[in-house]
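Fold and geometry: a report
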Amino acid sequence: MLQSRPWTSESFRDVVASYEGAPDQQSQWVTLLDESHDAYAQCSSLEVARRRGWLLSRLAALPVLDLALPFVQETLQTAHEPYLLAAASLALTRSTQPVSEDGAALLTALTILGARDDAVDLDVWAGLTDDEEATTCLAVALETLSWIAQRVPLDPTLLEYIGSMPALTDAQRDIVYQAIAAQKLRSGLFSDCCSPPLVSRRKFASSSANLQAVRFEDQDQTVRDWSSCLHGRTTVVAFFYTRCENPNKCSLTITRLGHLQKLVADADLCASVRIVAVSYDDSFDTPARLSRYVHDRGFKLDRNNLVLRVTQGGEEVRRYFSNGVNFVGTLVNWHRVELFVLDSRGEVVRNFERRAWTAEQVMHGLQEILAAGAVRHRFWQLTPGAWALLLALLPKCPICGATYLSVTGLAALPLLDDWTRLWPVALGMLLLNVFFLARAARISRRIAPVVVSGLGAVVIVGPGLAYGSSVAMGIGFALVLIGSLLSVFGLSARALPAAWGKLLVPRGH
Amino acid sequence: MASLKTKSGAQPATKKSAQALQRRRAAVRKEALSHALDASRTVAARVKALSVVDVLEDVSVFSDVLDVLLDGETNPLPLRLAALECLQAASFREQQFAPYRRRYIAALRRVCKVSDLGLRSRVIGILVRDGDTRTIDQLLDGLRDPQRGLLPPEKALQLLVDSIHSGVYEVAKTIAATPPNQAARREALRILGGDTESTGYFADLLRNKSEPVEVRQLAATSLNQLAPDRLLAAARDLAMDEAEDTDIRSLGLTALANFGDLSALRSDAALQTSVDQLSAAQAYDGTHLKTAAASFKRLCGA
């Protein structure tokens, strides 16, 4: 439903109500949760919180809520408004498959609510109620704790802390103790093994964006263009602004960036990695203000570690990164947590959005990206020699040649970015490889190469692609290669012309 | 009413004596509470009694003091104010106060509507500083529609100066343009000191001689925060304008001396001459302008 700007509270509620009962109700509501949506433009942060809380409380009435879970999780992790936290807590109970990260987010919310509880009626706009018997935001979150404690592992130390919070009544404390007891019945230690990947794989506008005109100003008041800030090496880009009032967002982002900086230095990667913090609030955040803010949070500035404001082309920057931010006038009224990793061409290769990231997680991503880059570099350096070797080894039999090529193609896959997403290609090559081996086996009457390569294909598809095991990928590839080599070196010289003949002359002639 | 101090004022020597002192203090506080609730006593005595009550001692003590605050029919205003002070002091002990916080905030919200402006103002101030969104919204409503105002506009704006994400900029712009009174206008301008869209407005205000000096000074402070280069651009003109108010001229000189480019200032012959003339002129003896000129010469003299 199209809306002309600006949205009022009433129009927002009307639009939300208009999707009720629709087949795509949840996806329409989730679209409304996007921070950059027009629904949140030109209104105060308080009003944005009311609108998002209302939407989350409507979503909580749905039987199933998996599409909205990233928003629910982020709200629990970063919000400090009791009403929002209560609505998000309730919405979490609609998850069909909660994970430990959901539990961690809920525990964070409980620590906030322990200090800032309030009465709430989630059926009323903004949750307002004067009823002294009404439930409270903390009570809603504790009910969710009861629910989730049966389903996911929770941090026992944090649970103990929550159980000791003075704001809890005896009955509320019992809920926490029951959650602790439920955790003790779970087998195994608390770990985060079952959480979904932190990294989002959202597509980004890249080459179509008009970035030539973008200008940044750094901490030294030097004007820079896009390339000088974001090209040439792997770059971490985080967004923030100094007037953010939520300590779990911008302040924490910069503090963690400082920590990441130390990890990069400890790994001796300063020459390979650039870290950049960009302000959303380019008119207020002057270089002096930005420098002071990041310095106070432990982020050191130099020519590889920059704090920037956009002086020209702000819209292009926001479009390129699909920033989740909105404004009232020039003041940011809402934004999500977001961090991006760009390769040396300035293309986004990782993004950490909507969830609390740690410096260690980003560092891990950086090391993966840098390692893949190093392998590509070594690959291209080895290529001339490798091709020469390959040509020498290449059998003259076209079937075996095709076998070789399919194996080579398979070997080249891991060198590509996001290669696990190319699993149909890998599967196709595997099948081709086995097909050609089978054709060769008809000539040579040797079944071993097909069996060995077939086994390799099964290992690649099963533990390798389905479960992401790189060890399995290595073993599977080795078996496929051995099978291919067996087929080549097992073929007798007298069979070669026959092989050519069978390929070139159609059946029946 | 017995005193809470030891006879000599010193620390108790043994554990036993410390426990005895604790018991005596608890008894004194209990007695104080009963005095505070005793309507037959004078208001002054009841207020004094409340000053030694510890609302965190027991939930019943907290409830009793809260009731004193809430009951405007039987309790005189000074007693209600004393109860508020007692509760507010306890709220600084965050950990111990946590179980009582929700009831405290709910009570304060009810007291927002009392007729006495002093009590209302204090309570609203506590709520706004606590970040209570409901109260902040009520203040903004009152600024948009004076019929619904809980406080005078200048007081409401004063309380909202740190709530920049509440939507106060929009309201402040309206009040700055059509102010109900000059105090409200000044508070609105103070708030807009963080609004980058108001930079041009402040630059115009600073140069506008028909504006009161205080408003022009506010404009200078805001410009220094929002666009220091524009302040410096205006400062030179203001400092050299002999028809300008002396306070504004001294503001210009001070801005240049503290934030200007030193080499540019030292090589600005016209400015240096003007400051020399100011320093020599007896007409300005004893004024801020003379002091500003002396400071400028010391920091930026050629």
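Residues numbered from 1 in each chain as written. Chains lettered and ligands numbered in written order. Predicted model: local features only at pLDDT ≥ 70, side-chain atom pairs only at ≥ 80, totals over all residues. Heavy atoms only, no water.

1. Focus on the overall build of chain B
Check the secondary structure of chain B and you find 17 helices and 0 strands. The C-alpha atoms of chain B give a radius of gyration of 28 Å, which is well past the 19 Å a tight globule of 302 residues would have. Considered along the principal axes of its C-alpha atoms, chain B spans approximately 80 × 55 × 35 Å. Evaluated residue by residue, chain B yields a buried proportion of 45% over its 302 residues. A sequence separation of at least 24 residues applies to 55% of the contacts in chain B between residues at least 6 apart. Accessible surface computed for chain B: about 15200 Å², of which carbon and sulfur atoms make up 51%. Charged side chains in chain B number 41 positive and 37 negative. The centres of these two groups are separated by 10 Å. (Helix = DSSP H or I, 4+ residues; strand = E, 2+ residues; numbered from the N terminus. Rg over C-alpha atoms; globule rule 2.2 N^0.38 Å. Buried < 20%, exposed > 50% of the residue type's maximum accessible area, 1.4 Å probe, protein only. Contact = heavy atoms within 4.5 Å. Areas by Shrake-Rupley, 256 points an atom, 1.4 Å probe, with all protein chains shown as cover. Lys, Arg positive; Asp, Glu negative; His and termini not counted. Charge placed at Lys NZ, Arg CZ, Asp CG, Glu CD.)

2. A word on the overall build of chain A
Helices and strands together make up the secondary structure of chain A, namely 19 helices and 9 strands. Scored against the burial criterion, the 509 residues of chain A give a buried share of 50%. Restricting to contacts in chain A with at least 6 residues of sequence separation, those with at least 24 account for 71%. Accessible surface for chain A amounts to roughly 23700 Å². Of this, 59% is attributable to carbon and sulfur atoms.

3. Focus on the pattern of salt bridges
Within the structure shown, the criterion is met by 41 salt bridges over all chains. With a closest N to O distance of 3.3 Å, arginine 318 of chain A and glutamate 315 of chain A form a salt bridge. Of this pair, arginine 318 of chain A and glutamate 315 of chain A both sit in helix 13 (residues 314–321), 3 residues apart, roughly one helical turn. In this structure, glutamate 214 of chain B engages arginine 186 of chain B in a salt bridge whose closest nitrogen and oxygen atoms are separated by 3.2 Å. Of this pair, glutamate 214 of chain B sits in helix 12 (residues 213–226) while arginine 186 of chain B sits in helix 10 (residues 182–192); the two residues are 28 residues apart in sequence, bridging distant segments of the chain. A relative accessible area of 39% places glutamate 214 of chain B in the partly exposed class. Taken together, the shared-partner salt bridges connect Glu35, Arg52, Glu74, Arg336, Glu338, Glu353 and Arg354 of chain A into one network. (Salt bridge = Lys/Arg side-chain N within 4 Å of Asp/Glu carboxyl O.)

4. Details of the interface of chain A and chain B
Facing 26 residues of chain A, the contacting portion of chain B comprises 25 residues. Across the chain A to chain B interface the summed buried area is about 2200 Å²; carbon plus sulfur atoms make up 46%. Counting across the chain A and chain B interface gives 5 salt bridges. For arginine 116 of chain A, the salt bridge goes to aspartate 130 of chain B, with nearest N and O atoms at 3.8 Å. Here chain A and chain B share 16 residue pairs in polar contact (both at pLDDT 80 or more) between them. (Buried area = accessible area lost by both parts, 1.4 Å probe. Polar contact = N/O pair within 3.5 Å; in protein donor to acceptor, adjacent residues only side chain to side chain.)

5. Notes on the state of the cysteines
All names here are of chain A. For the coordinates displayed, the defined rule picks out 0 disulfides over all chains. Not engaged in a disulfide, the cysteine cysteine 43 finds its nearest cysteine sulfur in cysteine 244; these two sulfurs lie 16 Å apart. Here cysteine 270 stays free of any disulfide, with the sulfur of cysteine 229 as its closest cysteine sulfur at 18 Å. Residue cysteine 270 is classed as partly exposed on the basis of its relative accessible area of 39%. (Disulfide = S-S within 2.5 Å.)

6. Side note on the nonpolar core
Counting residues in each nonpolar core, the largest one holds 92 residues, and the members touching the most others are Val65, Leu206, Leu253 and Phe296 of chain B. Setting aside its immediate chain neighbours within four residues, leucine 253 of chain B contacts Ala239, Val275, Leu278, Leu289, Ala292, Ala293 and Phe296 of chain B. If you look at the next biggest cluster of nonpolar residues, it comprises 65 residues, including Trp29, Ala79, Cys137 and Ala149 of chain A. (Core = buried A, V, L, I, M, F, W, Y, C linked by side-chain atoms within 4.5 Å.)

7. Some thoughts on a nonpolar patch on the surface
All names here are of chain A. Judged by side-chain polarity, Trp423, Leu427, Leu431 and Val461 come together as a nonpolar surface patch covering roughly 370 Å² of accessible area. Position of valine 461 relative to the elements: it lies in helix 17 (residues 448–466). Here valine 461 falls in the partly exposed class, since its relative accessible area comes to 34%. (Patch = residues over 30% accessible without salt bridge, like charges linked within 9 Å, V, L, I, M, F, W, Y side chains within 5 Å.)

8. Looking at the confidence of the model for chain B
Model confidence for chain B is summarised by a mean pLDDT of 92, while 96% of its residues fall at 70 or above. Scoring of the predicted complex yields 0.79 for pTM and 0.88 for ipTM. (pLDDT = per-residue confidence, 0-100.)

9. A few points about the pairing of strand 5 (residues 305–312) of chain A
Along strand 5 of chain A, 6 of the 8 residues are buried, which leaves the element largely enclosed by surrounding structure. For the segment spanning strand 4 (residues 273–279) of chain A, helix 12 (residues 287–296) of chain A and strand 5 of chain A, crossover handedness is right-handed. (Right-handed = clockwise from strand over helix to strand, strands pointing away.)

10. Things to note about the packing of aromatic side chains
Residues and elements named next belong to chain A. Under the criterion given, the structure shown has 18 aromatic pairs over all chains. A centroid spacing of 6.0 Å and a plane angle of 90° characterise the contact between phenylalanine 239 and phenylalanine 340, whose relative ring orientation is edge-to-face. Highlighted residues: phenylalanine 239 in strand 3 (residues 234–240) and phenylalanine 340 in strand 8 (residues 338–342), separated in sequence by 101 residues. Each residue in the set Phe216, Trp226, Phe239, Tyr280, Tyr320, Phe321 and Phe340 is aromatic and connected to the rest through ring pairs, giving one cluster. Sitting over the ring of phenylalanine 284, arginine 243 keeps its end group 3.8 Å from the ring centre. Here the guanidinium or amino end of arginine 297 rests over the ring plane of tyrosine 293, the centre of that ring lying 3.6 Å away. (Phe/Tyr/Trp six-rings, centres within 6.5 Å; stacked < 30°, edge-to-face > 60°. Lys NZ or Arg CZ within 6 Å of the ring centre and 35° of its normal.)

11. Looking at helix 7 (residues 137–149) of chain A
All names here are of chain A. With 13 residues, helix 7 extends 18 Å from end C-alpha to end C-alpha; this agrees with the ideal 18 Å at 1.5 Å per step. Burial analysis of helix 7 places 11 of its 13 residues in the buried class, the great majority of the element. Next to the buried residues of helix 7 lie helix 5 (82–92), helix 6 (100–113), helix 8 (156–163) and helix 9 (170–185). (Expected span 1.5 Å × (residues − 1).)

12. Comments concerning the side chain of aspartate 218 of chain A
All names here are of chain A. Checked against the element boundaries, aspartate 218 lands in the loop between strand 1 (215–217) and strand 2 (223–225). Classification of aspartate 218 as buried rests on a relative accessible area of 2%. A distance of 2.8 Å separates a polar side-chain atom of aspartate 218 from the backbone nitrogen of aspartate 220.

13. A short note on the packing of helix 10 of chain B against helix 12 of chain B
Residue and element names in this part refer to chain B. Direction vectors running N to C along helix 10 and helix 12 enclose 10°, while the axes themselves pass 9 Å from each other. Between helix 10 and helix 12, the interaxial angle falls into the category roughly parallel. Residues Arg185, Arg186, Leu189, Arg190 and Leu192 of helix 10 lie in contact with helix 12, whose contacting residues are Glu214, Val215, Leu218, Ser222 and Leu226. When the residues that make up the contact of helix 10 with helix 12 are grouped by side-chain class, the tally is 5 nonpolar, 1 polar and 4 charged. (Axes fitted to C-alpha atoms, helices over the stretch in contact; angles between N-to-C directions. Parallel < 35°, antiparallel > 145°, perpendicular 65-115°, else oblique. Nonpolar A, V, L, I, M, F, W, Y, C, P; charged D, E, K, R; others polar.)

14. Looking at the environment of arginine 350 of chain A
Residues and elements named next belong to chain A. Assignment of secondary structure puts arginine 350 in strand 9 (residues 348–353). By relative accessible area, which is 12% here, arginine 350 ends up buried. Between the C-alpha atom of arginine 350 and that of leucine 366, which follows or precedes it by 16 residues, the distance is 8.9 Å. One polar contact links arginine 350 to glutamate 368, side chain to side chain, over a distance of 2.8 Å.

15. A look at the sheet that holds strand 9 of chain A
Residue and element names in this part refer to chain A. Reading across from one edge, 2-1-5-4-3-8-9 is the order of the 7 strands in this open sheet, with mixed pairing throughout. Here the strands that pair on one side only, and so sit at the sheet edges, are strand 2 and strand 9. Taking each pair of neighbouring strands and ignoring which way they run, the sheet shows an average axis angle of 30°. Bridge count for strand 1 against strand 5 is 3 bridges, and the pairing is antiparallel. Directly across from arginine 215, in strand 5, lies its bridge partner glutamine 312. (Pairing = 2+ DSSP bridges.)

16. Regarding the pairing of strand 4 of chain A
All names here are of chain A. Of all 7 residues that make up strand 4, 7 are buried, and the element is covered over most of its length. Burial along strand 4 is two-sided: the residues Val273, Ile275, Ala277 and Ser279 and Arg274, Val276 and Val278 are all buried. Strand direction decides the pairing type here: strand 3 and strand 4, joined by 7 bridges, are parallel. Residue valine 236 lies in a different strand from strand 4, and its bridge partner there is isoleucine 275. The β-α-β motif built from strand 3, the intervening helix 11 (residues 247–266) and the parallel element strand 4 has right-handed crossover chirality.

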